[in-house]
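Residue strings, one per chain:
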Amino acid sequence: MHALISGASVAGPVLAYWLRRHGWRVTVVERAADARAGDGGHAVDLFGPAVDVIERMGLLDRVREARTRNDTITLFRERRAPITLATADLAAGVSGRHIEIMRGVLAGLLHEVTRDDVDYRFGTVIERLDGATAMLSDGDTVDADLVVGADGLHSGVRALAFGPEERYRRFLGAYLAVYTLPDVLGTGPTVAAFTAPGLAATVYPTLVPGLSRALFLVRTAEIPHDRRDRDAQKGILRDLIGDRLGPRVTAVLEHLGPAGDFYFDDISQIRMDSWSRGPVTLVGDAGYGPGPAVGGGTSLAAAAAYVLAAELATGPVDGALRRYEAALAGPVRHSRRIGPSVLGAIVPRNRAQVWLTAQATRLLPRLPKPARRWLTSFGGGPAAMLDGLVLPPMGATRS
């Protein structure tokens, strides 16, 4: 059996790893020119079952060693004293098994453990699909038994197999932007946080000494823009932020121009009644998920890739895809509630909510543990999404 997977970030390599364990031949195509290794992207969370998947792949020690080490967070306020607390207090409501890691680091580890027996083709995309026969941008034609879109929110596989993105995308009313810059704030290992009505920003350390990464979340109406025009996107971000977050963030924005790793996107969800059609299926943000930057998407993608591989190991493709969708139905329904809930909690709508955020931050360490867990669970959000998902033993016989 031969699987063609589009996407080499997280879900694609996880699926490739387990399919190879069961004798499948696997080809992975990826639009990026090379493996997304190193310190790229933003920090992502692995919760519960996703940590179990990493452990079953023999990568848990390496992932733990590569985790972010952001032990404190400081909320800076104009003309008021900053508030500092331990990030462990903010994670009180998160799953007991939780690891934060840079997306690029995680992708690099997953590529490293699969590259010797998976055919990776970087700088390549699927241009046409006829069932499971794919015409690639490098001129090759691949006859597969299964095609998987693990290629994110703006999935090319989804567009080819299911139709235009507009049919399925639900905009959640916000945008995110991420880029790397020098540690201009001098905050070192501390995460610096800033809020204003409709805005939230954090500047946090990377694994490279002297470098930080800025993450912006902005509430706004949908803004038509060219997703390939980075200069235009930088201009949009500057206009949206202005000087509303104070002089420290203004200094951060001064490094926006030369940022070569700048990423800007809408925070949206893909909502589909079914994410499989014939021998084509979708995994992660390509077919479902809470949305970028709101928590849990990486965990859902990794766990879903494992479940899909387990089902494919036990029977024909068509039945495996039906069982895969049934197993993920609950977590996918839950994921649709997370984006609005998390955005409502971390991006204040008005000055009153800015004030309440500061007071909650100040009081959090003093609260009893049950109250702390409740306040930081985002209403049973990203971590709880996967609570009901039981990972089957790989290759177990299904009834």
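All values derive from a computational prediction rather than experimental measurement.

Trainee: Quick one: what's the story with the packing of aromatic side chains, residue by residue and with numbers?
Mentor: Considering all chains together, one arrives at 11 aromatic pairs under this definition. Geometrically, the ring pair formed by Tyr17 and Trp18 is edge-to-face, given 4.9 Å between the ring centres and 85° between the ring planes. Of the two residues examined, Tyr17 and Trp18, each falls in the buried class. Ring centres 5.7 Å apart and planes at 5° place the aromatic pair Tyr120 and Phe122 in the stacked group. Members of the aromatic cluster, connected to one another through ring pairs, are Phe171, Tyr175, Tyr179, Phe216, Phe262 and Phe264.

Trainee: Tell me about a positive patch on the surface, residues and numbers included.
Mentor: A surface patch of positive charge is lined by Arg79, Arg80, Arg351, Arg362 and Arg366. Relative to the helices and strands, Arg362 resides in helix α11 (residues 351-363).

Trainee: Summarise unusual backbone geometry; cite the residues concerned and give the values.
Mentor: The phi angle at Arg79 is positive, at roughly 60°, despite the residue not being glycine. Within the secondary structure layout, Arg79 lies in the loop between β4 (72-77) and β5 (80-86). Despite not being glycine, Ala293 shows a phi value in the positive range, around 70°. Along the polypeptide, Ala293 turns up in the loop between β18 (280-282) and α9 (297-312).

Trainee: So what about the nonpolar core? Which residues, and what values?
Mentor: Leu4, Val63, Ile101, Leu106, Val283 and Tyr324 are the most contacted members of the largest nonpolar core, which totals 102 residues. Looking at this core, the element that brings in the most residues is α9, giving 11 residues. Apart from residues lying up to four places away in sequence, Leu106 is in contact with Val10, Val44, Leu46, Ile54, Val63, Ile101 and Thr298. In this structure, Leu181, Ala196, Leu237 and Ile241 belong to the second largest nonpolar core, which totals 26 residues.

What counts and how
Residues numbered from 1 in each chain as written. Predicted model: local features only at pLDDT ≥ 70, side-chain atom pairs only at ≥ 80, totals over all residues. Heavy atoms only, no water. Phe/Tyr/Trp six-rings, centres within 6.5 Å; stacked < 30°, edge-to-face > 60°. Buried < 20%, exposed > 50% of the residue type's maximum accessible area, 1.4 Å probe, protein only. Patch = residues over 30% accessible without salt bridge, like charges linked within 9 Å, V, L, I, M, F, W, Y side chains within 5 Å. Areas by Shrake-Rupley, 256 points an atom, 1.4 Å probe, with all protein chains shown as cover. Salt bridge = Lys/Arg side-chain N within 4 Å of Asp/Glu carboxyl O. Lys, Arg positive; Asp, Glu negative; His and termini not counted. Charge placed at Lys NZ, Arg CZ, Asp CG, Glu CD. Helix = DSSP H or I, 4+ residues; strand = E, 2+ residues; numbered from the N terminus. Core = buried A, V, L, I, M, F, W, Y, C linked by side-chain atoms within 4.5 Å. Contact = heavy atoms within 4.5 Å.

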